[in-house]
Amino acid sequence: MIHLNDLSYGYSRGVDVLSGISLSVKPGQLLGLVGANGSGKSTVLAIMAGLLTPRQGSVLVSGGEFLENGAGNEQRVRLVMQDADLQIVGATVEEDLLLGREAEADAGIRARDIADRFGLGDVWAAPVHSLSWGMKKKLCLAGAALDRPRVLLLDEPFSGLDYPSVREMRALIDANRQQGITQVLAAHDLEAFVDMADRLAVLEKGTLVLEGVPADVLGRVASFGVRPPCSWVLNRSVTHGEEW
Ligand code: ADP
């Protein structure tokens, strides 16, 4: 579950980039956090991930209610950053997936299994610099999945991906859904995932301006700098004769 209550944050004193944000995400749901560049999406995710401390307000992000023994809640929230090159630390796929997990007895087997499931089996031993951008993005998600998160925070997971890679990324996010993982997906564009979102939250200049199920929100996103999805625009065009 995720609860943000009246959250404010500033990188420098006196200049808030987020103000008064209250938001909840139910377990297992996918929230699309959308807004133009600089609207505050990454900052919200960093706060949810515990990387930044809000100036004001409370944050509860926990996989705890899913756990059998209540231990290690903080281990159950994972952030996948927008820039894969900043997240990848290993020299090869294998090394990247296993770094920091040496103490886990079954890590090698699980990492290999996840690499296969994520379509990275063939590049298991490859140097990470030889990977395509799509493979790098998948490797970052694979690393997060390896920790069996209950909450996944995905920052622009589709950015820079070609059509086949978008489809692969969609399938992986959908598989997370099937497993009951709560997901917050930050993006400046809705096109690739709007059909998978349970709810949408729209940020503008650090303020939450819209929140609700996609059907209730899509008609108003354009005024906040977010392009409505083509399917929605086409439907309006056909049924209402609207120009687009
Ligand atoms: P988004 O993810 O929607 O593009 P961000 O959360 O990255 O938005 O940025 C929100 C605001 O905070 C922007 O005005 C941005 O310039 C500013 N900002 C982001 N990161 C930093 C930082 N490390 N230091 C100072 N300002 C920052």
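Residues numbered from 1 in each chain as written. Predicted model: local features only at pLDDT ≥ 70, side-chain atom pairs only at ≥ 80, totals over all residues. Heavy atoms only, no water.

- The name given to the protein in an unreviewed UniProt entry is ABC transporter ATP-binding protein, with Pseudodesulfovibrio senegalensis as the source organism.
- Turning to the protein, the UniProt annotation filed under Sequence similarities (unreviewed entry) states: "Belongs to the ABC transporter superfamily." (UniProt positions renumbered as here; feature names shortened; annotations may be inferred.)

### So, the overall build of the protein
- A count of helical and extended segments in the protein gives eight helices and nine strands.
- Taking 2.2 N^0.38 as the reference for a compact globule, 244 residues should give roughly 18 Å; the C-alpha atoms of the protein span a radius of gyration of 19 Å, in line with that estimate.
- Each principal axis of the C-alpha distribution contributes one length, and for the protein these read about 55 × 40 × 35 Å.
- Looking at the protein as a whole, 48% of its 244 residues qualify as buried.
- Long-range pairs, those at least 24 residues apart, make up 64% of the contacts in the protein between residues at least 6 apart in sequence.
- Total accessible area on the protein is roughly 11900 Å²; 51% of this is exposed by carbon and sulfur atoms.
- Across the protein, the centroid of the 23 positively charged side chains sits 3 Å from that of the 31 negatively charged ones. (Helix = DSSP H or I, 4+ residues; strand = E, 2+ residues; numbered from the N terminus. Rg over C-alpha atoms; globule rule 2.2 N^0.38 Å. Buried < 20%, exposed > 50% of the residue type's maximum accessible area, 1.4 Å probe, protein only. Contact = heavy atoms within 4.5 Å. Areas by Shrake-Rupley, 256 points an atom, 1.4 Å probe, with all protein chains shown as cover. Lys, Arg positive; Asp, Glu negative; His and termini not counted. Charge placed at Lys NZ, Arg CZ, Asp CG, Glu CD.)

### What about the packing of helix α5 (residues 133-146) against helix α6 (residues 163-178)?
- The N-to-C vectors of α5 and α6 enclose an angle of 10°; their axes lie 10 Å apart at closest approach. In terms of axis orientation, α5 runs roughly parallel to α6. Contact with α5, carried on its side by G134, K137, K138 and L141, involves S165, E168, M169, L172 and N176 of α6 and no other residues of that element.
- Counted by class, the contact of α5 with α6 contains three nonpolar, three polar and three charged residues. (Axes fitted to C-alpha atoms, helices over the stretch in contact; angles between N-to-C directions. Parallel < 35°, antiparallel > 145°, perpendicular 65-115°, else oblique. Nonpolar A, V, L, I, M, F, W, Y, C, P; charged D, E, K, R; others polar.)

### Section: the site of the ligand
- Close to the ligand lie Y11, V17, A36, N37, G38, S39, G40, K41, S42 and T43, which account for all nearby residues.
- Here a nitrogen atom of the ligand and a side-chain polar atom of Y11 are 3.5 Å apart.
- Here the residues of the shell around the ligand sort into three nonpolar, six polar and one charged. (Near = heavy atom within 4 Å. Polar contact = N/O pair within 3.5 Å; in protein donor to acceptor, adjacent residues only side chain to side chain.)

### Here we look at the nonpolar core
- If you look at the biggest cluster of nonpolar residues, it comprises 49 residues, and the most contacted ones within it are L97, L190 and F193.
- Taken together, the elements giving at least two residues each to this core come down to β3 (30-35), α3 (93-98), α4 (107-117), α5, β6 (151-155), α6, β7 (182-187) and β8 (199-204).
- Element by element, the count of residues in this core is highest for α5, at seven residues.
- Filtering out sequence-adjacent residues up to four positions away, L190 remains in contact with V34, L200, L218, V221, V226, R227 and P229.
- Counting residues in hydrophobic clusters, the runner-up holds 25 residues, among them L4, I21, V61 and L153. (Core = buried A, V, L, I, M, F, W, Y, C linked by side-chain atoms within 4.5 Å.)

### Structural notes on the environment of R227
- Residue position: R227 is located in the loop between α7 (214-217) and α8 (230-240).
- What makes R227 partly exposed here is its relative accessible area of 48%.
- Sequence-distant contacts of R227, that is, excluding residues within four places in its chain, are made with D189, L190, E191 and V221.
- Among the polar contacts listed, one links the side chain of R227 to the side chain of D189, at a separation of 2.9 Å.

### A closer look at the packing of aromatic side chains
- The final tally for this structure, using the stated rule, is two aromatic pairs.
- Centroid distance Y9 to Y11: 5.0 Å. Interplanar angle 85°. Geometry classified as edge-to-face.
- Classification of Y11 as exposed rests on a relative accessible area of 54%.
- Aromatic side chains F158 and F193 sit 6.3 Å apart centroid to centroid with 15° between the ring planes, which places their arrangement in the stacked category. A residue pair is termed long-range when its members are at least 10 positions apart, and F158 in the loop between β6 and α6 and F193 in the loop between β7 and β8 qualify at 35 residues. The same class applies to F158 and to F193, which are both buried. (Phe/Tyr/Trp six-rings, centres within 6.5 Å; stacked < 30°, edge-to-face > 60°.)

### What to know about α5
- With 14 residues, α5 extends 20 Å between its outermost C-alpha atoms, agreeing within 8% with the 20 Å of an ideal straight helix rising 1.5 Å per residue.
- In terms of residue burial, α5 counts as a mostly covered element, since twelve of its 14 residues are buried.
- Three or more residues of α5 are buried, namely G134, K136, K137, K138, L139, C140, L141, A142, G143, A144, A145 and L146.
- Of the surrounding secondary structure, the elements contacted by the buried residues of α5 are β5 (77-80), α2 (84-87), α3, α4, β6 and α6. (Expected span 1.5 Å × (residues − 1).)

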